[in-house]
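# Understanding the architecture of this molecule
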Amino acid sequence: MSQKPAYRSWFRSIRDHQETYALDEIVYTARDGSLLEVVHDMDELRKTPAGDWKRIFRERAHSSEWPYGSGVWGKKEWVLPGIDNENVVSMYEGNTNLFWAERYGRELGLDELWIKQCGNSHTGSFKDLGMTVLVSMVKELIHRGKNVPAVACASTGDTSAALAAFAAAASIPAIVFLPRGKVSVAQLIQPVSNGAIVFALDTDFDGCMEIVKQVAEKDGIYLANSMNSLRIEGQKTVGIEIIEQFDWEVPDWLVIPGGNLGNVSALAKGLDMLLDLGLIDRRPRIVCAQAEAANPLYLSYQRGFEVFEPIAARPTIANAIQIGNPVSIEKAIDALKRYDGIVEQATETEIAESCARADRTGLFNCPHTGVALAAMEKLVKRGEIARRDRVVVLSTAHGLKFVDFKLQYHELRLAGVESKLANPPIELPARYESVRDEMLREIERRFGH
Ligand SMILES: *Cc1c(COP(=O)(O)O)cnc(C)c1O
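These numbers come from a predicted model, not from an experiment.

### Digging into the overall build of the chain
Assigned secondary structure in the chain consists of 17 helices and 13 strands. Going through the 449 residues of the chain one by one, you find that 59% of them count as buried. Sequence separation of at least 24 residues holds for 69% of the intrachain contacts in the chain that already meet a minimum separation of 6. Surface exposure of the chain reaches about 19100 Å², of which carbon and sulfur atoms provide 50%.

### Quick look at the site of the ligand
Around the ligand, the structure places 14 residues, and the nearest of them are Lys127, Asp158, Gly259, Leu261 and Thr396. Contact between the ligand and Asp158: an oxygen atom at 2.6 Å from a side-chain N or O atom of the residue. A distance of 2.8 Å is found between an oxygen atom of the ligand and a backbone nitrogen or oxygen belonging to Asn263. Summarising the interface, the protein chains cover 97% of the accessible area of the ligand, which totals 380 Å² for the free molecule. In this structure, the ligand is accommodated by the largest cavity. For the shell around the ligand, a count of residues per class yields five nonpolar, seven polar and two charged.

### Here we look at helix H8 (residues 205-219)
Given a rise of 1.5 Å per residue, 15 residues ought to cover 21 Å, and the 21 Å separating the end C-alpha atoms of H8 matches this to within 8%. Taken as a whole, H8 has its buried residues at Phe205, Asp206, Gly207, Cys208, Met209, Val212, Val215 and Ala216. Of the surrounding secondary structure, the elements contacted by the buried residues of H8 are strand S6 (151-154), strand S7 (174-179), strand S8 (197-201) and strand S9 (222-223). Gly220 sits one or two positions beyond H8 and adopts a positive phi of about 70 degrees.

### So, the layout of surface pockets
Its boundaries defined by the atoms lining it, the largest pocket holds a volume of some 500 Å³. Of all the elements in the fold, those that place two or more residues in the lining of the largest pocket are strand S3 (36-40), helix H9 (230-235), helix H11 (262-276) and helix H13 (329-338). The residue makeup of the lining of the largest pocket, split by class, is seven nonpolar, four polar and nine charged.

### Considerations on the environment of Val79
Within the element layout of this structure, Val79 appears in helix H3 (residues 76-79). Distance in space between the C-alpha atoms of Val79 and Gly234 is 6.4 Å, their sequence separation being 155 residues. Contact partners of Val79, with chain neighbours within four places excluded, come to His40, Val72, Val133, Glu233, Gly234, Lys236 and Thr237.

### Description of the sheet that holds strand S5 (residues 112-117)
As summarised here, the arrangement of the six strands in space is S4-S5-S13-S10-S11-S12, forming an open sheet in which the pairing is mixed. Each edge of the open sheet is held by one strand with a lone partner, namely strand S4 (98-100) and strand S12 (342-346). On average, adjacent strands in this sheet sit at an angle of 25 degrees to one another, irrespective of strand direction. Judged from the five bridges that link them, strand S11 (residues 285-291) and S12 form a sheet pairing that is parallel. Looking at S12, one finds that Ala291 is bridged to Ala346. Lying over the sheet, helix H15 (residues 367-381) contacts S5, strand S10 (253-257), S11, S12 and strand S13 (390-395), oriented at roughly 115 degrees with respect to S12.

### Quick notes on the pattern of salt bridges
Within the structure shown, the criterion is met by 39 salt bridges. A salt bridge links Glu210 to Lys213; the nearest nitrogen and oxygen atoms lie 3.8 Å apart. Of this pair, Glu210 and Lys213 both sit in helix H8, three residues apart, roughly one helical turn. Glu210 sits in the partly exposed class, given a relative accessible area of 44%. Look at the salt bridges and you will find they share partners, linking Glu344, Glu350, Lys378, Arg382 and Glu384 into a network.

### A look at empty space enclosed by the protein
Tallied over the entire structure, the rule returns five cavities of 30 Å³ or more. Elements with a contribution of two residues or more to the lining of the largest cavity: helix H6 (158-170), H9 and H11. At three residues, the largest contribution of residues to the lining of the largest cavity is made by H11. For the lining of the largest cavity, the residue count by class is nine nonpolar, twelve polar and three charged. Space inside the second largest cavity adds up to approximately 70 Å³. Top element by residues in the lining of the second largest cavity is helix H10 (residues 237-245). It accounts for three residues. Across the lining of the second largest cavity, the residue classes tally to four nonpolar, six polar and two charged.

Reading guide: rules and limits
Once a new chain begins, its residue numbering starts again from 1 and follows that chain's sequence as written. Totals for whole chains, interfaces and linings use all residues, but because this is a predicted model, local features are given only for residues with pLDDT of at least 70 and pairs of side-chain atoms are given and counted only at 80 or more. Based on all heavy atoms of the structure, the side-chain values leave hydrogens and waters out of the count. Per the convention used, a helix needs a DSSP run of H or I reaching at least four residues, while a strand needs a run of E reaching at least two, with both numbered from the N terminus. Each residue is assigned to one of three classes by its accessible area relative to the maximum for its type, calculated with a 1.4 Å probe on protein chains only: buried under 20%, partly exposed between the two thresholds, exposed over 50%. Two residues form a contact once any of their heavy atoms are found within 4.5 Å. Per-residue accessibility takes into account occlusion by the displayed protein chains alone, with areas from the Shrake-Rupley method and a 1.4 Å probe. One heavy atom within 4 Å of a molecule or strand is enough for the residue carrying it to be called near that molecule or strand. Polar contact is the term for a pair of N or O atoms within 3.5 Å; when the atoms are in protein, one must be able to donate a hydrogen and the other to accept it, and sequence-neighboring residues count only if both atoms are side-chain atoms. A cavity, in this analysis, means grid points on a 1 Å lattice covering only the protein atoms where a 1.4 Å probe fits yet has no way out; a pocket is instead an open set bounded by protein on both sides within 12 Å along at least five of seven lines, and a residue lines either one if it has an atom within 4 Å of a point. The way we define it, a molecule is inside a pocket or cavity when more than half of its atoms are within 2 Å of that pocket's grid points. Only Asp, Glu, Lys and Arg are considered charged in this grouping, and only Ala, Val, Leu, Ile, Met, Phe, Trp, Tyr, Cys and Pro are considered nonpolar; every other residue, Gly among them, is considered polar. Expected span of a helix: the number of residues minus one, times 1.5 Å. Grid points are joined across faces, edges and corners, and a volume is the space filled by probe spheres set on the points. Should DSSP find at least two bridges between two strands, the strands are regarded as paired. Lines fitted to C-alpha atoms define the axes, with helix axes restricted to the stretch in contact, and inter-axis angles between N-to-C directions lie between 0 and 180 degrees. Whenever Lys or Arg places a side-chain nitrogen within 4 Å of a carboxyl oxygen from Asp or Glu, that contact is recorded as a salt bridge.

This is the structure we're talking about:
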């Protein structure tokens, strides 16, 4: 692309489409209180044929030409075309492994089960995909002379880790609000290490969200939650990337866990662009999986999405999705309607046992991925997902961020969970004979016929 086309994008209100704002305006919601979305000049993008986009994306993946080697920035024209490459804050996010879960799939009776490993990323969760876009825009704003004293987010752990890392790299002050005692040690230590100003508040995520909205409104702090639709632009690349990894063949099912519901909305938005620009010609179905303890979308789905009522989310081992009043609810319901969506839920036992079952086949799942795995297993059991279907589960974080819950599972300390696959270390004196006896017994027990 020698001559640079004038790709443009802007904010638009999601309900009436009547309000528009430039992307360098500091605005998060429309006048009616609904969210904004980023819209792209599709006519301009359409001037490049589908085959050319496929080639461009392929050539850029992993390339060393800044910043196009990133899975997000390799699609810059579709994501955030209007900023200077110098202001991109990237850690080469995206381009994560699409793992063929052959053994796990076989055990469930599926021919083709794949796990998109979004947690194999700089801060260990898919949140990097959105945060690279948001922090890059902030750097661009500062460059354009706007007054942005700091960026802030409320977080159940992973958003704050991503914000803290990208902001630190760009030398932008970051502030994070966490519910005290409700995030894992690994999640807490990330923003602490990256030098963010960390507040642990005596409330839940929804309570932290109320505070961050106030500092954004009253103190001009830039809001980094997924209410800010710039995040969605980065996160939407995951769906594009999955289909690219199948050489542009569309899988039958995409299964994703949902809390604040930005991710499921983003997944659908990426697919919309692929359809719109002719890179694919059919839709996969989307399954959004919720923890039973935090299931407002599931309850709405049960009533045909006719009504939605926020709930008080109860504690769950899937702490990043313990959200009762999801900010992206309207976008998510729209997305699920477009993609013949299903919402399924999982109990704490189902989450823990599915995680453990999949871990036994070489994975190392976070509990949120466990929610998606449990939902997928239920759909397979009910026959909604068929043996020959190609299924992709989006793994949203790395299991290493959530070892507390795994340890509890394997030490039979997870309240209310049976731990069917517990595998605690065998403690023995260091004597050859007793080690040998135990070893041979265990080999026979686990692999004998
Ligand atoms: C944020 C997060 C989710 C949920 O994404 P939403 O956009 O809030 O629905 C799921 N899993 C992990 C690991 C997360 O960090």
